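So you can see what is in the structure, the chains are spelled out below.
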Amino acid sequence: MTAFVPLSPSFGTLAQGLDLSAPLSDEAFAGLEAAFYRGGLLVVRGQRLTPARFHALACRIGRPEPHVIDQFHHPELADILVLSNVRRDGRPIGLADGGTYFHTDYSYLEQPARATMLHSITVPSKGGETLFADQRAAYDDLPEATKRRIDGLVVRHHYGNRDDLDTRSRTVASLLTDAQEQRLRWVRHPLVMAHPVTGRKALYAVSGSSFGIDGMPDDEGLALLDELKAHALQPKYRLAVAYGVGDVVIWDNLSMLHSATLTDPDDPRTLWRITVKPPGGLPR
Ligand code: SIN
């Protein structure tokens, strides 16, 4: 019997009694999916998944799309991105310091991600949490005049962390090769998105890849994005998820901002990540 336990009053759910090492029944999957959309963030502790099993679960949630950083795709399944600070024979086995600033996945692509899933393989002795911020609650709490001002605005996005463009910094967006950079373009997304499944409105990607607002001078657009970001990252909207080995964490990229935390480069941390687009070719 699965129990869904809230992780905070407004978002995040711990699913207990689920075994993801075998395919879930339709009923169990429906329960998981409903809890995911309701809470925006789902945590399942202590699983031991093969790459194929992790991938099969992702395929039930949406269409996996491999990350542009292709040198760290999992050798068995390219849809899995290996996040890791571990080096073997002097070479990194995965992407270190990926996403160490608040952002939402694939907001720099024409079609943003629906969900991201992490599976923890090696857990550091200290730290290594992922931080989340509920952008639905942040939107709900805005004054009505602000909602009226921002509903309908369109934001320009590009791969990057607008708060840190220093390529030597650990909190810059992970560096791309020239070939990878050439695959990316400027894209536009609404500043406020109504969720295609729940209908609930949320601030979308006010931190990370957002660099300007259509119809506004650059400084004005950035000032508004910064104001919304400061509002959206207040402690009351945040939750930190700490990992044990085998945890599976799934979040809704249209409802959450998230950030990795900087961990000691000598304290091994490895996770597998799959990011999925909406199932069945839905527009978003
Ligand atoms: C990510 O942004 O996908 C990485 C999250 C993490 O490593 O905690």
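Residues numbered from 1 in each chain as written. Predicted model: local features only at pLDDT ≥ 70, side-chain atom pairs only at ≥ 80, totals over all residues. Heavy atoms only, no water.

Colleague: Mind showing me how you'd approach the site of the ligand here?
Modeller: All residues in the neighbourhood of the ligand are listed as Leu83, Gly98, Gly99, His103, Leu118, Thr130, His258, Ala260, Arg269 and Arg273. One of the side-chain N or O atoms of His103 is found 3.2 Å from an oxygen atom in the ligand. The side chain of Thr130 places a nitrogen or oxygen atom 2.6 Å from an oxygen atom of the ligand. Relative to its unbound accessible area of 260 Å², the ligand is 98% covered by the protein chains. The class makeup of the residues in the shell around the ligand is three nonpolar, five polar and two charged. (Near = heavy atom within 4 Å. Polar contact = N/O pair within 3.5 Å; in protein donor to acceptor, adjacent residues only side chain to side chain. Areas by Shrake-Rupley, 256 points an atom, 1.4 Å probe, with all protein chains shown as cover. Nonpolar A, V, L, I, M, F, W, Y, C, P; charged D, E, K, R; others polar.)

Colleague: Looking at this model, I keep getting lost on the sheet that holds strand S14 (residues 210–213). Mind explaining?
Modeller: Sheet strands pair by backbone hydrogen bonding; their relative direction is either parallel or antiparallel. With antiparallel pairing, the three strands of this open sheet are ordered in space as S11-S10-S14. The sheet is open, and its two borders are formed by strand S11 (187–190) and S14, each paired with just one other strand. Across the sheet, the mean angle separating the axes of adjacent strands is 35° when strand polarity is ignored. In this structure, strand S10 (residues 154–157) lies alongside S11, joined through four bridges in antiparallel fashion. Within S11, the position partnered with His157 by the bridge is Val187. Lying on the sheet, helix H6 (residues 218–232) is in contact with S10 and S14; it crosses S14 at an angle near 120°. (Pairing = 2+ DSSP bridges. Helix = DSSP H or I, 4+ residues; strand = E, 2+ residues; numbered from the N terminus. Axes fitted to C-alpha atoms, helices over the stretch in contact; angles between N-to-C directions. Contact = heavy atoms within 4.5 Å.)

Colleague: When you look at H6 in this model, what are you seeing that I'm missing?
Modeller: For an α-helix, the turn length of 3.6 residues means that residues three or four places apart are oriented alike. Here H6 contains 15 residues, and its C-alpha end-to-end distance of 21 Å stays within 8% of the 21 Å for a straight helix at 1.5 Å per residue. All of the buried residues along H6 are Gly221, Leu224, Leu225, Leu228, Lys229, His231 and Ala232. Looking straight down H6, one finds its buried side chains confined to an arc of 160°; they lie on one side. Of the residues in H6, the exposed ones pointing more than 90 degrees away from the buried face are Asp219 and Ala230. For H6, the elements touching its buried residues are strand S9 (130–134), helix H3 (135–140), helix H4 (144–150), S10, strand S13 (201–203) and S14. (Expected span 1.5 Å × (residues − 1). Buried < 20%, exposed > 50% of the residue type's maximum accessible area, 1.4 Å probe, protein only. Arc of directions from axis to C-beta.)

Colleague: Explain the sheet that holds S9 to me, please; I cannot follow it from the model alone.
Modeller: The sheet built from three strands is open, its strands ordered S15-S9-S17 with antiparallel pairing. Both outer strands of the open sheet, strand S15 (238–241) and strand S17 (256–260), are each paired with one neighbouring strand and no more. Taken over all neighbouring pairs, the strand axes of this sheet differ in orientation by 20° on average, direction set aside. The sheet contact formed by S9 and S15 spans four bridges and is antiparallel. Across the sheet, Thr130 pairs through a bridge with Val241, a residue of S15.

Colleague: Please explain the pairing of strand S8 (residues 115–122) as it appears in this structure.
Modeller: Note on strand geometry: in a regular strand, side chains alternate between the two faces of the sheet. Summarising burial for S8: six of the eight residues are buried, a large majority. In this sheet, strand S16 (residues 248–252) lies alongside S8 in antiparallel orientation, the contact comprising five bridges. Looking at S16, one finds that His119 is bridged to Val248. Summarising the sheet, S8 and strand S18 (residues 270–277) pair through seven bridges and their orientation is antiparallel. Following the sheet pairing, Ser120 is matched in S18 by Leu271.

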